[in-house]
Amino acid sequence: MEDIEDMFAGGAGGAPPGFRLPLNAVGVNPKRNTSKRSISKQKDEVTDSNRDSLAPPSMKIPGTQTIYIKTFGCSHNQASSANRHDSEYMAGQLTAFGYGLTEVPEEADLWLINTCTVKSPSQSAMSTLITRGRSGKKPLVIAGCVPQGSRDLKELEGVSVVGVQQIDRVVEIVEETLKGHEVRLLNRKTLPALDLPKVRKNNFIEILPINVGCLGACTYCKTKHARGHLGSYTVESLVERVRTVISEGVKEIWLSSEDTGAYGSRDIGVNLPILLNAIVKELPSDQSTMLRIGMTNPPFILEHLKEIAAVLRHPCVYTFLHVPVQSGSDAVLTAMNREYTSGEFRTVVDTLTELVPGMQIATDIICGFPGETDEDFSQTVGLIKDYKFAQVHISQFYPRPGTPAAKMKKVQSKIVKQRSRELTCVFEAFAPYTGMEGKEERIWITEIATDGVHLVGHTKGYIQVLVSGPESMLGTSAIARITSVGRWSVFGEVIETLASTNVVTQVREETKPACTSDVSTCETCACSAESCCGEGKSGEACNVSGDITRQDHKTGEKSMTKEEEKQEVVSHWGLVDKALVCGVFVSSLTILVLIISIASRVLLRQ
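Computed from a prediction, not measured in an experiment: that's the story for all the values here.

1. A few points about the overall build of the protein chain
Okay, so step 1: A count of helices and strands for the protein chain gives 19 helices and 22 strands.
Okay, so step 2: Of the contacts formed within the protein chain by residues at least 6 apart in sequence, a portion of 71% connects residues at least 24 apart.
Okay, so step 3: For the protein chain, the exposed surface amounts to about 28700 Å²; the carbon and sulfur share of it is 54%.

Structure below.
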């Protein structure tokens, strides 16, 4: 397998037809010693096997092959990780160019592996998949944090790699890899465009990156090695993206970031509340599209807690936030270089819980960080017991090569495992959803459950509600009655689906005065026209613009007013219908003129 620079060094002919990668964008040095390269080819079995598995370029038209994309991420953070939206962007570009996608590895002509460097198990799984791909003689492209942060890994020898800020060039990299070339694009550049073609894993969910990198320097984390320093998208570009995805039918927008709270604060002169307020202005007033704020560390939201609480109270924003604490011990937090205390974390939780009704907070814990004592761990357990979080992501410490924590004295493995089990038992003993039985909750339905039977909806507090219903309910909002609760989610039955006009009315009712039973004020009071009609008013008097359209979940029928029925009839008149009516009218007028003309001539002759 040749490096891409060999194509430039090979002769006076220049770059071959269709080649679009400039030399200065490729992160390897040109190889000029052809004899050494020839010897290297003989020794490299992977190179020979990959070349043998590829058909000649003339028989492989670019854009006709099938690609298998595998995305790795933190076990608890797959849904909101940067890796997932990176994979969606890369898939979108490949399909726009004509490549097909498959979920069956054996059917693919090339494997694109998007990696994660947060935890050791994810990187181990990546290594296993690379070995499997090589055994199957599959051309490989490795993307994500691992090649960006650890470009000299032995596992990455002989495969193409693309860094986190070069995903907009994935088509070129795939093309050249399928030709048998090894491409390495790892140089940092400007932020990838937000309007790249995209294939969403879920058509109703848009994962929107608001920045890359972070401002922290945690001693255990390698993400910054890969993602770099903070780089934020402008408010204007993000708002424009929000407008676009809403027009495409997206029902949930997830803001994604290594640290949402740090947005704009050190690079473009804005802050998170400014961005959030700009975005919520674009959300439909009928609450058909909801916003979920991404993970944020405590330091950068402490000064904006009241402003963020105000946004979380907005009808179109989930009252949910992921705030990792990692440890309840200040000594451990200092060793981690987390830049906050357990007391400041408690301030974040207490303030948001007080100011935001139904607020739900998730957090993370690392068990067995180097130097963690029994007292340190007991403080962590005490913190979790105090708040009884519904979601706690518990992990054991894994030393990441090249990080300061990897050089620290480790806690014995058996102690780390014991602490992890103990904290898990404490956490799983909580019953956070007790008392929800029988309550009616509004939910937004966007997914099919892993059991393949239920649909997944979420309350405004982002509590998972499993309901039964047809797939046509995906992307809708409904009222569900909670029938039973579990440890991780609740079950419910849909008693009513909500149409958009109904939602608009319900939102407006929150600010209307009490019902006056006076039809003349029906549009401005907290009643529906139908309730005023119940007071004995005529049907004509009840025909006001405040009418509600409801859809019965069992029959699927909608009730409409007379005015709406008229509008429904008129809306069926197309251009041809209107032209025919005009033609009939003109013809009738012409005939009338002729009759009058003939009659006048007859009278004149007499």
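2. Notes on the side chain of Thr 446
Okay, so step 1: The residue Thr 446 is located in strand S17 (residues 440-448) in this model.
Okay, so step 2: By relative accessible area, Thr 446 is classed as buried at 2%.
Okay, so step 3: Residues contacting Thr 446, with those up to four places away along its chain left out, are Asn 202, Phe 204, Ile 205, Lys 251, Glu 252, Val 456, Leu 474 and Gly 475.

3. A word on the pattern of salt bridges
Okay, so step 1: Under the counting rule described, the total for this entry stands at 16 salt bridges.
Okay, so step 2: Here Glu 88 and Lys 198 are joined by a salt bridge, their closest N and O atoms 3.7 Å apart. In this pair, Glu 88 is assigned in helix H4 (residues 82-97) and Lys 198 in the loop between strand S8 (184-185) and strand S9 (205-209), connecting sequence segments 110 residues apart.
Okay, so step 3: Using a relative accessible area of 17% as the deciding quantity, one classes Lys 198 as buried.

4. Points about the packing of helix H14 (residues 374-387) against helix H15 (residues 413-428)
Okay, so step 1: Put simply, H14 and H15 touch, their axes get as near as 10 Å, and they point 20° apart. When the axes of H14 and H15 are compared, the pair comes out roughly parallel. Considering only the axes of H14 and H15, their crossing is right-handed. Side by side, H14 and H15 meet where Asp 374, Phe 377, Thr 380, Val 381, Ile 384 and Lys 385 of the first sit next to Arg 419, Glu 422, Leu 423 and Val 426 of the second.
Okay, so step 2: Residues belonging to the contact of H14 with H15 are distributed by class as follows: five nonpolar, one polar and four charged.

5. A short note on the sheet that holds strand S13 (residues 290-292)
Okay, so step 1: With respect to topology, three strands assemble into an open sheet ordered S9-S12-S13, the strand pairing being parallel. Of all the strands in the sheet, just S9 and S13 have a single pairing partner and so form its edges. Between one strand and the next, the sheet's axes are offset by a mean angle of 25°, whatever the strand orientation.
Okay, so step 2: Note that S9 and strand S12 (residues 252-256) share five bridges and pair parallel. Its bridge partner lying in S12, Ile 205 is registered against Glu 252.

6. Description of the sheet that holds strand S15 (residues 360-367)
Okay, so step 1: Overall, parallel pairing links the three strands, which are arranged S14-S15-S16 in an open sheet. If you trace the sheet from one side to the other, it starts and ends with strand S14 (320-322) and strand S16 (391-396), each paired once. Averaged over all pairs of adjacent strands, the angle between their axes in this sheet comes to 15°, without regard to strand direction.
Okay, so step 2: Note: S14 against S15, three bridges, orientation parallel. Paired with His 322 across the strands is Ala 362, a residue of S15.

7. Some words on the UniProt feature "transmembrane region" (unreviewed entry) in the protein chain
Okay, so step 1: UniProt's entry tags residues 584-604 with the feature "transmembrane region" (unreviewed entry), counted in the numbering of this structure.
Okay, so step 2: Helix makes up 100% of residues 584-604 and strand makes up 0%, while its end C-alpha atoms are separated by 31 Å.

8. Thoughts on helix H13 (residues 342-355)
Okay, so step 1: The end-to-end C-alpha separation of H13 is 20 Å, in line with the 20 Å expected for 14 residues at 1.5 Å each.
Okay, so step 2: Buried residues of H13: Ser 342, Phe 345, Val 348, Val 349, Thr 351 and Leu 352, and no others.
Okay, so step 3: Structurally, H13 contributes buried residues whose contacts are with helix H11 (305-312), S14, helix H12 (330-336), S15 and H14.

Reading the values: rules and limits
Every chain begins its residue count from 1, and numbering advances along the sequence as written. In keeping with the model being predicted, local features are shown solely for residues with a pLDDT of at least 70 and side-chain atom pairs are shown and tallied solely at 80 or more, while totals for entire chains, interfaces and linings include all residues. Side-chain metrics rest on all non-hydrogen atoms present in the structure, leaving aside hydrogens and water. In this text, helices come from DSSP runs of H or I with a minimum length of four residues, and strands from runs of E with a minimum of two, each type numbered from the N-terminal end. Contact criterion: two residues are considered in contact whenever any of their non-hydrogen atoms come within 4.5 Å of each other. The method behind every accessible area is Shrake-Rupley, applied with a 1.4 Å probe, and residues are considered shielded solely by the protein chains displayed. Exposure categories follow from relative accessible area, calculated using a 1.4 Å probe and restricted to protein chains: below 20% of the type maximum is buried, above 50% is exposed, and the middle band is partly exposed. Just to be clear on terms, a salt bridge is a Lys or Arg side-chain nitrogen sitting within 4 Å of an Asp or Glu carboxyl oxygen. Each axis is a line fitted through C-alpha atoms, taken for helices only over the stretch in contact, and angles between the N-to-C directions span 0 to 180 degrees. Each angle receives one of four descriptions, namely roughly parallel if under 35 degrees, roughly antiparallel if over 145, roughly perpendicular if within 65 to 115, and oblique otherwise. Handedness of a crossing follows from how the near helix is turned relative to the far one, being left-handed for an anticlockwise turn of less than a right angle and right-handed for a clockwise one. By the convention adopted, Pro, Cys, Tyr, Trp, Phe, Met, Ile, Leu, Val and Ala count as nonpolar, Lys, Arg, Asp and Glu as charged, and the other residues, Gly among them, as polar. If DSSP finds at least two bridges between two strands, the strands pair. UniProt positions are given in the numbering used here, feature names are shortened, and annotations may be inferred rather than shown by experiment. Residue count minus one, scaled by 1.5 Å, sets the expected span of a helix.

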